[in-house]
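Observations on the model geometry
So you can see what is in the structure, the chains are spelled out below.
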Amino acid sequence: MIITIVAYKGGVGKTTTAIHLACYLQKKAPTLLIDGDANRSALGWAQRGILPFKVVDERQGPKFARQFEHIVIDTAARPGADDLKAIAEGCDLMIIPSSPDALAMEALAQTVEAMRELGADQYRILITLTSPKPNKDAELARATLTEAGLPVFESEIRRLLAFQRAALVGVPVYEVKDSMAKIAWRCYEAVGHEVLA
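As the structure is a prediction and not an experimental result, all values here were calculated from the model. (Residues numbered from 1 in each chain as written. Predicted model: local features only at pLDDT ≥ 70, side-chain atom pairs only at ≥ 80, totals over all residues. Heavy atoms only, no water.)

Quick word on the overall build of the protein chain
Scanning the protein chain from terminus to terminus reveals 8 helices and 7 strands. For a compact globule of 197 residues, the expected C-alpha radius of gyration is about 16 Å, and the protein chain comes in at 16 Å, within 12% of that figure. Judged by the C-alpha coordinates and their principal axes, the protein chain covers about 40 × 40 × 30 Å. The long-range fraction of contacts in the protein chain, counting pairs at least 24 apart against all pairs at least 6 apart in sequence, stands at 73%. Approximately 9,700 Å² of the protein chain is accessible, and the part contributed by carbon and sulfur atoms is 52%. Separation between the mean location of the 23 positive side-chain charges and that of the 24 negative ones in the protein chain comes to 8 Å. (Helix = DSSP H or I, 4+ residues; strand = E, 2+ residues; numbered from the N terminus. Rg over C-alpha atoms; globule rule 2.2 N^0.38 Å. Contact = heavy atoms within 4.5 Å. Areas by Shrake-Rupley, 256 points an atom, 1.4 Å probe, with all protein chains shown as cover. Lys, Arg positive; Asp, Glu negative; His and termini not counted. Charge placed at Lys NZ, Arg CZ, Asp CG, Glu CD.)

Comments concerning the UniProt feature "domain: CobQ/CobB/MinD/ParA nucleotide binding" (unreviewed entry) in the protein chain
Mapped onto the present numbering, the UniProt feature "domain: CobQ/CobB/MinD/ParA nucleotide binding" (unreviewed entry) falls at residues 3-172. Strand forms 22% of residues 3-172 and helix 42%; the C-alpha atoms that close the span are 19 Å apart. (UniProt positions renumbered as here; feature names shortened; annotations may be inferred.)

Notes on the packing of helix 4 (residues 81-89) against helix 5 (residues 102-118)
Angle between the axes and distance between the axes: these two values describe a pair of packed helices. Contact pair helix 4 / helix 5: the axes reach a minimum separation of 10 Å and the direction vectors enclose 70°. Looking at the two axes, helix 4 sits roughly perpendicular to helix 5. For the element pair helix 4 and helix 5, the recorded crossing hand is right-handed. Each of Ala 81, Leu 84, Lys 85 and Ala 88 in helix 4 lies in contact with helix 5, whose residues at this interface are Ala 114, Met 115 and Leu 118. Of the residues assigned to the contact of helix 4 with helix 5, the class counts are 6 nonpolar, no polar and 1 charged. (Axes fitted to C-alpha atoms, helices over the stretch in contact; angles between N-to-C directions. Parallel < 35°, antiparallel > 145°, perpendicular 65-115°, else oblique. Left-handed = near helix turned anticlockwise from the far one by under 90°. Nonpolar A, V, L, I, M, F, W, Y, C, P; charged D, E, K, R; others polar.)

Concerning the pairing of strand 4 (residues 70-74)
Looking along a regular strand, one sees the side chains alternate between the two faces of the sheet. Burial analysis of strand 4 places 4 of its 5 residues in the buried class, the great majority of the element. The pairing of strand 1 (residues 2-5) with strand 4 spans 4 bridges and is parallel. Following the sheet pairing, Ile 5 is matched in strand 4 by Asp 74. As judged from the 5 bridges shared by strand 2 (residues 31-35) and strand 4, these two strands associate in the parallel manner. In the sheet register, Thr 31 faces strand 4, and the bridge partner there is His 70. (Buried < 20%, exposed > 50% of the residue type's maximum accessible area, 1.4 Å probe, protein only. Pairing = 2+ DSSP bridges.)

A closer look at the confidence of the model for the protein chain
Summary statistics for the protein chain give a mean pLDDT of 93 and a share of 100% for residues scoring 70 or more. Per-element confidence in the protein chain is highest for helix 1 (residues 14-26), whose mean pLDDT is 98, and lowest for helix 4, whose mean pLDDT is 85. (pLDDT = per-residue confidence, 0-100.)

As structure tokens, then:
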């Protein structure tokens, strides 16, 4: 399975999603993460510590891809129309992470519109960086997206410091010493389960 993670807006958990989805898939079959973002955030994460899967940059991807059953691609932020078309045609599933705030939702709307113009429908929206109740932003975002007939993951990713700690030391979130690490990992386990269902 080839999965791409795409976002028009930075700071919505694109690389965190790529890393943790690859962790989940690696537990099922050999998984490769290809870092296609100019910032090389996934490669930086891997270089700071140890991840349970191989991470390469996009130029190395073709060499290694045939050795793996699953490939997760962390794409460049705000891909142009031609890049988005190539991404959509070259994957089995495109995951579009978005936090539920107004600016991220506007960027998400642009991404979805671009997907519609391309006639691409193999995407799902992942609501990220959600705040605990009584905050209702995620609930309202989900209702808006569902009413618009858009494909949305049932699972969502909570805003937790454990993810930042994991990035700082270069490990999956389930390996950090943080009281919320298990909850953080369960968020991505639920997403992975939906992906493979």
